[in-house]
Amino acid sequence: MGTHESWMEQAYQEAEKALEKDEVPIGAVVVSDGMVVGRGYNMVETLQDPTAHAEVIAITAAANCRNSWRLEDATLYVTKEPCPMCAGAIYLSRIQQVVFGVSDSRMGACGSTLNIVQSPGLRSEVTVTCGILESKCLGILQAFFQKLRQRRITER
């Protein structure tokens, strides 16, 4: 059995794949029974698909691996707090636990801006743990956006 940190390292490795493709570097893994059953990284630009977030790709991969959309016993590890769309996918897939690296004060839907995954109205009781490898997860995002800003300045 891995620790939160070891599973988050695997999510971080997915984020590095996104970075290599010039995507916003967010990575995710779905863990069940002590093994990764789904993994994904942000592919919005590559696929020109606004739903191609790391979490959605990892959840889809896990559902395919398990041959079931019900992931009740699974934990999602993701480098950045899920947005409302991804929180909805977490809720619908029945994932019981979300562990993320860095909070998102703009679009976070697991406790920062909204809390969809723990909404009494939805009868959702997902366990949320935040701050795992936080500085590392924040660092890759900051480096990406700094490089993007520099590129935009240079192109002017």
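Presented here is a report on the structure given in the accompanying data block. Please read all numbers here as calculations on a predicted model, not as lab measurements. (Residues numbered from 1 in each chain as written. Predicted model: local features only at pLDDT ≥ 70, side-chain atom pairs only at ≥ 80, totals over all residues. Heavy atoms only, no water.)

**Some remarks on the nonpolar core**
Rule in force here: Put simply, buried Ala, Val, Leu, Ile, Met, Phe, Trp, Tyr and Cys residues joined by side-chain atoms within 4.5 Å make one nonpolar core. Between buried and exposed lies partly exposed: a residue is buried under 20% and exposed over 50% of the maximum accessible area for its type, with that area taken using a 1.4 Å probe on protein chains only. Helix numbers and strand numbers start at the N terminus; a helix is a DSSP run of H or I with at least 4 residues, a strand a run of E with at least 2.
Grouped together as the largest cluster of nonpolar side chains are 32 residues, with contacts concentrated most on M8, V30, L76, Y77, I90 and I95. Mapped by element, the contributors of at least two residues to this core are helix 1 (4-20), strand 1 (27-32), helix 3 (54-66), strand 3 (75-80), helix 4 (84-93), strand 4 (97-102) and helix 5 (134-155).

**Describing helix 5**
To be explicit about the condition: Working rule for helices: expected span equals 1.5 Å times residues minus one. The reported arc concerns the directions from the helix axis to the C-beta atoms and nothing else. Contacts are assigned to residue pairs with any non-hydrogen atoms lying within 4.5 Å of each other.
Between its first and last C-alpha, helix 5 extends 32 Å over 22 residues, near the 32 Å set by a 1.5 Å rise per residue. Among all positions of helix 5, only C137, I140, L141, F144 and L148 are buried. Down the axis of helix 5, the smallest arc covering the buried residues is 90°, so these residues share one side. Across helix 5 from its buried face, at more than 90 degrees, point the exposed residues S135, Q146, R149, I153 and T154. Looking at the buried side of helix 5, the elements it contacts are helix 1, strand 3 and strand 4.

**Focus: the environment of Y91**
For clarity, the threshold we go by: Think of a polar contact as two N or O atoms within 3.5 Å of one another; within protein, one of them needs to be a possible hydrogen donor and the other a possible acceptor, and neighboring residues in sequence only count if both atoms come from side chains.
The residue Y91 is located in helix 4 in this model. Residue contacts for Y91: discarding those within four places in its chain leaves L122 and S124. For Y91, the side chain forms a polar contact with the main-chain oxygen of L122, separated by 3.1 Å.

**Some words on the sheet that holds strand 1**
Threshold: For two strands to be treated as a pair, DSSP must find at least two bridges joining them. With axes taken as lines fitted to C-alpha atoms, and helix axes fitted only over the stretch in contact, angles between N-to-C directions fall between 0 and 180 degrees.
Across the sheet, five strands lie side by side as 2-1-3-4-5; this open sheet has mixed pairing. The open sheet is flanked by strand 2 (35-41) and strand 5 (127-130), the only strands paired with a single partner. Put simply, the sheet's adjacent strands are angled 15° from each other on average, direction ignored. Two strands pair when backbone bridges link them, and strand 1 and strand 3 are joined in this way by four bridges, in the antiparallel orientation. Its bridge partner being in strand 3, V30 is matched across the sheet by L76.

**With respect to unusual backbone geometry**
We note that D33 has phi near 55°; this positive angle belongs to a residue other than glycine. Accessibility expressed as a relative area gives 66% for D33, which makes it exposed.

**Section: the packing of helix 1 against helix 5**
Selection criterion: For classification, angles of less than 35 degrees are called roughly parallel, those exceeding 145 degrees roughly antiparallel, those between 65 and 115 degrees roughly perpendicular, and all remaining angles oblique. Three residue categories are used. Nonpolar comprises Ala, Val, Leu, Ile, Met, Phe, Trp, Tyr, Cys and Pro, charged comprises Asp, Glu, Lys and Arg, and polar comprises the others, including Gly.
Running from N to C, helix 1 and helix 5 cross one another at 5°; their axes reach a closest spacing of 11 Å. As the angle between them shows, helix 1 and helix 5 are arranged roughly parallel. Contacts from M8, E9, Y12, A15, E16 and L19 in helix 1 reach K136, C137, I140 and F144 in helix 5. Within the contact of helix 1 with helix 5, the residues separate by chemical class into seven nonpolar, no polar and three charged.

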